[in-house]
Amino acid sequence: MTQPPDPAAEPAARNTDPAPARPAGVPAQPSPAGTPSAPVPPAAPAAPPAGRGAWAVGRELLRTAATTEPGRLRILGAVLALLVVAFGAVTALEVTGRASAADDVVGRSQPLSADAAALYRSLADADTTAASGFLAGTLEPAGSRERYAKDIATASRLLVKAAAHTDGSPEAAREIATLGEQLPRYTGLVERARAANRQGLPLGGAYLRYANQQMTTVLLPAAERLYAAETERLRRDDDSARAWPLLSLAVGLVALAALGWAQRRTYLRTHRVFNHGLLAATAAAGVVLLWLLAAHTVTRSGLEDARARGQESLQVLNTARISSLTARANENLTLVARGAVLTEDGRNDKYEAEYAASMDALTKALASARKLADDEAGRGPVDESAARAGEWQRRHGDARAKDDAGDYEGALDRIVGAKGSTGQSFDQVDAALERALGHEQAEFTRSAGDARDALTALPPGAAVLAILGAAGAVLGVNRRLSEYR
């Protein structure tokens, strides 16, 4: 049977519902006497302090470690090992850069500079040979044609080589492009001059003069600028190889000073004269520092010797050879033009005036080359060149006297004849200068190669010694730490 609801139980049932939330800011009211209060939840814990960064933690650990002698020794060992390793790493890095620059001097910059000078000589000799062959008559000698073809082939080969090694140099690339464009035009003018000369047409002389103008105003100036650009690159590489490794020296001195201080500190605290580990680290760092000084001194001395005895002599000898080639070309053109081309003031033959200027430059260059030559093997060819140049000038004077007297054939024989001619003297000057250039090139390569070799073993040697020195420093400090265990 269903019981009726008990009215007294209904309020109790309703009181079991959750109490409404108290508005924020309203204080809790005390419960009436005899009425049980609801449990109060515990207060939330306070927020932890903001976390410290790794650097802060590290500094705190270092401060804690520095308060004890073992901690201080551990810090000291780490610092010493780091300094020795840093010294080896910086030395290896700097010396590698200088060794690379020295290698560029020997294997890239100087050969490219020499190639640029050879390119100039090939172009100038081609122009000289073309004029000599023209003067020989309608049937150009086979030897003259072969020499001209060899000069043009050499110039083309050197142009290709230079283009492959410009390394993004805008100056060199610009001059190489000019030479590549203008050389076919020059050879075309020479071939037209030859064709007209074989037919006995006076037009051949005009074409030859146009070809010479193309050579002297476009090709040779471009080749000279290319030579100047490559020589400047050689100077930059030489300066880079000779620069003192100041950072390596500074780090080395700091490492040695720290090692010395650490050993003195050990002596004052233990009265032991030597700590074998620290002594080994000091010896390793000292060897690296002395090796660095000695190797770089040898490198600087070798490069200085290469610059003074080789590079400067090569530049002067190149100037002498270029002057002789220019003088020979102008001498030939004096007879080709027959006074048709005058100087700007209209008083003298243009080619004769340029011949005199070139011979004067040759004489001065030979005098400078003899002063720079430091042995008999270098002075001998220069003296021979000077003697043959004097003979050349005397024979040229005889040729000019015959030409002025109206004896063109006699003057021609004195210029391009087989015996007793200025052409024979020119060939002797050129051969002697070639021997002198070969000797100075060998001297430069030997001196610069010795300078480069002085740095070869230093980078790996410095790295190995630095590792051994760092290990010695750590072992030396650990020896002291073992006394606290």
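Residues numbered from 1 in each chain as written. Predicted model: local features only at pLDDT ≥ 70, side-chain atom pairs only at ≥ 80, totals over all residues. Heavy atoms only, no water.

Enquirer: Explain the nonpolar core to me, using residue names and the numbers behind them.
Expert: In globular proteins that are soluble, nonpolar side chains generally tend to be buried together. Core analysis: the largest hydrophobic core is formed by 78 residues, its most contacted members being Leu-119, Leu-123, Leu-179, Tyr-186, Leu-208 and Trp-392. Excluding residues that lie within four positions of it along the chain, Trp-392 makes contacts with Ser-324, Ala-327, Arg-328, Glu-331, Tyr-355, Met-359, Leu-362, Thr-422, Ser-425, Phe-426 and Val-429. Ranked by size, the runner-up nonpolar core spans 25 residues in total, among them Ala-258, Ala-281, Ala-285 and Ala-466. (Core = buried A, V, L, I, M, F, W, Y, C linked by side-chain atoms within 4.5 Å. Buried < 20%, exposed > 50% of the residue type's maximum accessible area, 1.4 Å probe, protein only. Contact = heavy atoms within 4.5 Å.)

Enquirer: Hey, could you go over the pattern of salt bridges for me, with residue numbers and the actual values?
Expert: Overall, the coordinates contain 32 salt bridges when judged by the stated rule. Among the ionic pairs, Glu-354 bridges to Lys-350, the shortest N-O distance being 2.9 Å. Of this pair, Glu-354 and Lys-350 both sit in helix α9 (residues 350-372), four residues apart, which is roughly one turn of that helix. What makes Glu-354 partly exposed here is its relative accessible area of 30%. Among the salt bridges present, the one from Glu-384 reaches Arg-435, with a minimum N-O distance of 2.4 Å. Remark: Arg-435 occurs in helix α12 (residues 422-453) and Glu-384 occurs in helix α10 (residues 376-404); sequence separation between them is 51 residues. Residue classification places Arg-435 among the partly exposed positions, given a relative accessible area of 42%. One network of salt bridges, in which partners are shared, links Glu-232, Arg-235, Arg-236, Asp-238, Asp-239, Arg-242, Glu-304 and Arg-307. (Salt bridge = Lys/Arg side-chain N within 4 Å of Asp/Glu carboxyl O. Helix = DSSP H or I, 4+ residues; strand = E, 2+ residues; numbered from the N terminus.)

Enquirer: Give me the packing of helix α8 (residues 276-337) against α10: which residues, what numbers.
Expert: One way to put it is that α8 packs onto α10 with a least axis distance of 12 Å and a crossing angle of 15 degrees. In this view, α8 runs roughly parallel relative to α10, as classed from their interaxial angle. The element α8 and its partner α10 pack so that their crossing is left-handed. Between α8 and α10, the contacting residues are Leu-317, Ser-324, Ala-327, Arg-328, Glu-331, Thr-334 and Leu-335 on the first element and Val-382, Trp-392, His-396, Arg-400 and Asp-403 on the second. Partitioning the contact of α8 with α10 into residue classes produces five nonpolar, three polar and four charged. (Axes fitted to C-alpha atoms, helices over the stretch in contact; angles between N-to-C directions. Parallel < 35°, antiparallel > 145°, perpendicular 65-115°, else oblique. Left-handed = near helix turned anticlockwise from the far one by under 90°. Nonpolar A, V, L, I, M, F, W, Y, C, P; charged D, E, K, R; others polar.)

Enquirer: So what's going on with a nonpolar patch on the surface? Residues and values would help.
Expert: On the surface, a nonpolar cluster with roughly 400 Å² of combined accessible area is contributed by Trp-244, Leu-246, Leu-290 and Leu-293. Mapping Leu-246 onto the fold places it in helix α7 (residues 246-270). (Patch = residues over 30% accessible without salt bridge, like charges linked within 9 Å, V, L, I, M, F, W, Y side chains within 5 Å. Areas by Shrake-Rupley, 256 points an atom, 1.4 Å probe, with all protein chains shown as cover.)

Enquirer: So what about the packing of aromatic side chains? Which residues, and what values?
Expert: This model, assessed by the stated rule, comprises two aromatic pairs. Residues Trp-392 and Phe-426 carry aromatic rings whose centres are separated by 5.7 Å and whose planes lie at 65 degrees to one another, so their mutual orientation is edge-to-face. Taken together, the residues Trp-392 in helix α10 and Phe-426 in helix α12 connect sequence positions 34 residues apart. The exposure class assigned to Phe-426 is buried, which follows from its relative accessible area of 2%. Every member of this aromatic cluster is reached through a ring pair, and the members are Tyr-355, Trp-392 and Phe-426. One cation-aromatic arrangement involves Arg-194 over Tyr-148; the distance from NZ or CZ to the ring centre is 4.3 Å. (Phe/Tyr/Trp six-rings, centres within 6.5 Å; stacked < 30°, edge-to-face > 60°. Lys NZ or Arg CZ within 6 Å of the ring centre and 35° of its normal.)

Enquirer: For the confidence of the model for the protein chain, give the residues involved together with the corresponding values.
Expert: Segments scoring low in pLDDT should not have their predicted coordinates read at a detailed level. The pLDDT averaged across the protein chain works out to 82; a share of 84% of its residues lies at or above 70. Mean pLDDT values over the elements of the protein chain span from 43, in helix α1 (residues 9-14), up to 91, in α10. Considering only residues more than four positions removed or in separate chains, one finds that residues 44-48, a stretch of pLDDT under 50, has zero contacts. (pLDDT = per-residue confidence, 0-100.)

Enquirer: Please provide a residue-by-residue account of the side chain of Asp-115, values included.
Expert: With respect to the helices and strands, the residue Asp-115 is situated in helix α3 (residues 69-135). Asp-115 gets classed as buried once you look at its relative accessible area, which sits at 18%. At 2.9 Å, the side chain of Asp-115 forms a polar contact with the side chain of Lys-161. (Polar contact = N/O pair within 3.5 Å; in protein donor to acceptor, adjacent residues only side chain to side chain.)

Enquirer: Can you tell me about helix α5 (residues 170-198), naming the residues and giving the values?
Expert: Compared with the 42 Å implied by 1.5 Å per residue over 29 residues, the 43 Å span of α5 between its first and last C-alpha is a close match. At Gln-182, α5 is deflected by roughly 30 degrees, the largest bend along its length, and proline Pro-184 occurs up to four residues later in sequence. Once α5 finishes, Gly-200 follows within two positions and takes phi at roughly 75 degrees, a positive value. (Expected span 1.5 Å × (residues − 1). Bend = angle between axes of the 7 residues up to and from the residue.)

Enquirer: Account for α10, with residues named and values stated.
Expert: Compared with an ideal rise of 1.5 Å per residue, which puts 29 residues at 42 Å, α10 spans 42 Å between its outermost C-alpha atoms and is within 8% of the ideal. Of all the positions in α10, only Gly-378, Pro-381, Val-382, Ser-385, Ala-389, Gly-390, Glu-391, Trp-392, Arg-395, His-396, Ala-399 and Arg-400 are classed as buried. Packed against the buried residues of α10 are α8, α9, α11 (408-416) and α12. Remark: Gly-406 follows α10 within two positions and exhibits a positive phi of approximately 95 degrees.

Enquirer: Please provide a residue-by-residue account of the environment of Ala-206, values included.
Expert: Within the secondary structure layout, Ala-206 lies in helix α6 (residues 203-242). Given a relative accessible area of 12%, Ala-206 falls into the buried group. Separated by 14 residues in sequence, Ala-206 and Arg-192 have C-alpha atoms that sit 9.9 Å apart.

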